[in-house]
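Each chain, letter by letter, is given below.
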Amino acid sequence: MEQIIILCAALSAGIACGVGCGGIKYRLNRNRDYPEEKVTAYRKLWKTGSVVMRFVTGTVLALGLIWCAGFLVIGALYPDQTDYANNMSELIVGVLTVVSIIFAFYEFVRRK
């Protein structure tokens with residue numbers, strides 16, 4: 001059981017580092033040629049927020065998939081831990097639902 005949790009933690013750390021490095025690379029290589037008008041700047045701000053929300057949502061969903069799969073394996077290999085694994089998976093799915101709803105609401109407001 002500890003090995004599965006260590007594996008999930010290692011995969012989580014790898015995803016977090018990869019997303020962080022990708023964000024830094026995007027930030028350094030972006031085009032800085034924007035018009036000076038306020039309306040354009042405001043729209044750009046919303047679009048940037050959308051990009052950030054997309055990366056955050058995708059990262060959280062990927063982490064949730066890893067941990068739910070890990071708890072599925074724990075429940076299958078250790079029958080005495082089935083209730084624990086099921087409860088943790090339900091909590092993770094609940095959090096993922098809330099994150100997805102927040103992202104959908106943000107995109108709905110952005111696109112009017």
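Residues numbered from 1 in each chain as written. Predicted model: local features only at pLDDT ≥ 70, side-chain atom pairs only at ≥ 80, totals over all residues. Heavy atoms only, no water.

**Q** Help me understand helix H1 (residues 2-29) in this model?
**A** Side chains that are three or four residues apart share a direction in an α-helix, a result of its 3.6 residues per turn. The terminal C-alpha atoms of H1, which comprises 28 residues, lie 40 Å apart, in line with the 40 Å expected from a rise of 1.5 Å per residue. Within H1 the residues assigned to the buried category are Ile 4, Cys 8 and Ser 12. (Helix = DSSP H or I, 4+ residues; strand = E, 2+ residues; numbered from the N terminus. Expected span 1.5 Å × (residues − 1). Buried < 20%, exposed > 50% of the residue type's maximum accessible area, 1.4 Å probe, protein only.)

**Q** Teacher, can you tell me more about the side chain of Ser 12 here?
**A** Inspection of the secondary structure puts Ser 12 in helix H1. In contact with Ser 12, other than residues within four places in its own chain, are Leu 63 and Trp 67. (Contact = heavy atoms within 4.5 Å.)

**Q** Whenever I open this one, the state of the cysteines confuses me. Can you help?
**A** A covalent bond between the sulfur atoms of two cysteines is what we call a disulfide. In this structure the tally under the stated criterion is zero disulfides. Not part of a disulfide, Cys 8 finds its nearest cysteine sulfur in Cys 68, a span of 9.6 Å. Taking relative accessible area as the criterion, Cys 8 reaches 5% and is therefore assigned buried. The thiol sulfur of Cys 21 is not disulfide-bonded, and the nearest other cysteine sulfur, from Cys 17, lies at 6.4 Å. Among the residues examined, Cys 21 registers a relative accessible area of 52% and is labelled exposed. (Disulfide = S-S within 2.5 Å.)

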